[in-house]
Amino acid sequence: MIVAETIADVKKYVKEWKKNGETIGLVPTMGYLHEGHASLIKKAREQNDRVVVSDFVNPTQFGPNEDLEQYPRDFEADKKLCAGLGADLIFHPTPEEMYGKDHFTKVHVDTLTAGLCGAVRPVHFDGVCTVVTKLFHIAEADRAYFGQKDAQQLAVVKRMVHDLNYNIEIVGCPIVREADGLAKSSRNTYLSPEERKAAVILSASLKEGKKAIDAGEKDLKKITDIITKKLETEPLARIDYVSAVDFNLLQPKDRLDGEETLIAIAVYIGKTREIDNIIVR
Ligand code: PAF
């Protein structure tokens, strides 16, 4: 597996692959890879001739009081995991390499970024859209892989690709969970043992909501109330939001209908903000 630290290096290999008519699958990550990332890499491996994994803690998607410095990093372990899964190249640039001294361009997706996580993370999605745009172009990717765990990110990136006519297919992949239901996340490492136990309330509450849906409930206010009540049973949990929106434009909706509905939650467990969701189809 090639380890590339510069944009020029990635472009050199990509140029060669493209010359041979090979397809490229990109898995954008911030490193500290877990089984959720592994599932994206495996999917990319199945669907493309070449697989590029980017491993970059992107500073522009963190707000001033967020966890940029603390964000866990382990590049040696990431390299091993990617090599083991058959990735062709891992791209591990510095912030200076990605942004240089004179970077003036941002990509902003309107409307879809106003609510849910965007409401408390105002710079986050501009940072995400800008960095993934750069990565799509650097890797000349035919497909890029994103987890459904960050459902708002997935919807925003799909919208950006649609609106700006990018020549890339966005592939959304299912959430990978721990045995007790907690969605895999690099940020789970912030949880103390007591908080880790408490964090299971996120998936447990969504399960209650799903049970009501399976029993025929279509009123989304009733469904989000069931989820909220369950979350409120956990003393260490503080709710940021419990929302039901359409999974296209992320606008609030009242009833389940024929369209995809995203039921998303964000909950502080101690100081750690955890997110989870279900998509009802
Ligand atoms: O989901 C992530 O890990 C990041 O937001 C991404 C897509 C790699 C962009 O930095």
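This report concerns the structure included in the present document. For clarity, every value in this text was computed on a predicted model and none was experimentally measured.

1. A look at the packing of helix α6 (residues 124-139) against helix α7 (residues 151-163)
Then, in step 1: One way to put it is that α6 packs onto α7 with a least axis distance of 11 Å and a crossing angle of 55°. One way to sum up the angle between α6 and α7 is to call them oblique. In the packing of α6 onto α7, the handedness of the crossing is right-handed. Contacts between α6 and α7 pair Phe-125, Val-128, Cys-129, Val-132, Thr-133 and Phe-136 from the former with Gln-152, Gln-153, Val-156, Val-157, Met-160 and Val-161 from the latter.
Then, in step 2: Of the residues in the contact of α6 with α7, the class split is nine nonpolar, three polar and no charged.

2. A look at the site of the ligand
Then, in step 1: The full set of residues close to the ligand is Pro-28, Thr-29, Met-30, Asn-58, Gln-61, Val-128, Val-131, Val-132, Phe-146, Asp-150 and Gln-153.
Then, in step 2: For the ligand, an oxygen atom lies 2.6 Å from a polar atom in the side chain of Gln-61.
Then, in step 3: Between the ligand and the protein, one listed contact pairs an oxygen atom with a side-chain N or O atom of Gln-153 at 2.7 Å.
Then, in step 4: In isolation the ligand offers 290 Å² of accessible surface; the protein chains occlude 89% of this area.
Then, in step 5: Across the shell around the ligand, the residue classes break down as six nonpolar, four polar and one charged.

3. Observations regarding the packing of helix α9 (residues 200-214) against helix α10 (residues 220-231)
Then, in step 1: Two numbers describe how α9 lies on α10: the axes approach to 8 Å, and their chain directions differ by 150°. One finds that α9 runs roughly antiparallel with respect to α10. In the crossing of α9 with α10, the sense of the turn from one axis to the other is right-handed. Across from Ile-201, Leu-202, Ala-204, Ser-205, Leu-206, Glu-208, Gly-209, Ala-212 and Ile-213 in α9, the residues of α10 making contact are Ile-223, Ile-226, Ile-227, Lys-230 and Leu-231.
Then, in step 2: Taken together, the residues of the contact of α9 with α10 break down into 10 nonpolar, two polar and two charged.

4. Looking at the sheet that holds strand β7 (residues 237-246)
Then, in step 1: One open sheet holds the three strands; their spatial order is β7-β8-β9, and the pairing between them is antiparallel. Only two strands of the sheet have a single neighbouring strand rather than two, namely β7 and β9 (272-280). Taking each pair of neighbouring strands and ignoring which way they run, the sheet shows an average axis angle of 15°.
Then, in step 2: Note that strand β8 (residues 261-269) and β9 share nine bridges and pair antiparallel.

5. Considering helix α2 (residues 35-47)
Then, in step 1: Relative to the 18 Å expected for 13 residues at 1.5 Å per residue, α2 spans 18 Å between its end C-alpha atoms, a close match to the ideal helical length.
Then, in step 2: Those residues of α2 that fall on the buried side of the exposure criterion are Gly-36, His-37, Ala-38, Leu-40, Ile-41 and Ala-44.

6. Notes on the layout of surface pockets
Then, in step 1: Approximately 190 Å³ is the volume attributed to the second largest pocket.
Then, in step 2: Surrounding the second largest pocket, Thr-60, Tyr-99, His-103, Phe-104, Thr-105, Lys-106, Val-123, Asp-126, Gly-127 and Thr-130 form its lining.
Then, in step 3: If you tally residues by element for the lining of the second largest pocket, the top one is α6, at three residues.
Then, in step 4: Of the residues that constitute the lining of the second largest pocket, the class distribution is three nonpolar, five polar and two charged.

Criteria and thresholds
- Residues numbered from 1 in each chain as written.
- Predicted model: local features only at pLDDT ≥ 70, side-chain atom pairs only at ≥ 80, totals over all residues.
- Heavy atoms only, no water.
- Axes fitted to C-alpha atoms, helices over the stretch in contact; angles between N-to-C directions.
- Helix = DSSP H or I, 4+ residues; strand = E, 2+ residues; numbered from the N terminus.
- Parallel < 35°, antiparallel > 145°, perpendicular 65-115°, else oblique.
- Left-handed = near helix turned anticlockwise from the far one by under 90°.
- Contact = heavy atoms within 4.5 Å.
- Nonpolar A, V, L, I, M, F, W, Y, C, P; charged D, E, K, R; others polar.
- Near = heavy atom within 4 Å.
- Polar contact = N/O pair within 3.5 Å; in protein donor to acceptor, adjacent residues only side chain to side chain.
- Areas by Shrake-Rupley, 256 points an atom, 1.4 Å probe, with all protein chains shown as cover.
- Pairing = 2+ DSSP bridges.
- Expected span 1.5 Å × (residues − 1).
- Buried < 20%, exposed > 50% of the residue type's maximum accessible area, 1.4 Å probe, protein only.
- 1 Å grid on protein atoms, 1.4 Å probe; cavity = no way out; pocket = protein on both sides within 12 Å on 5 of 7 lines; lining within 4 Å.
- Points joined across faces, edges and corners; volume = space filled by probe spheres on them.

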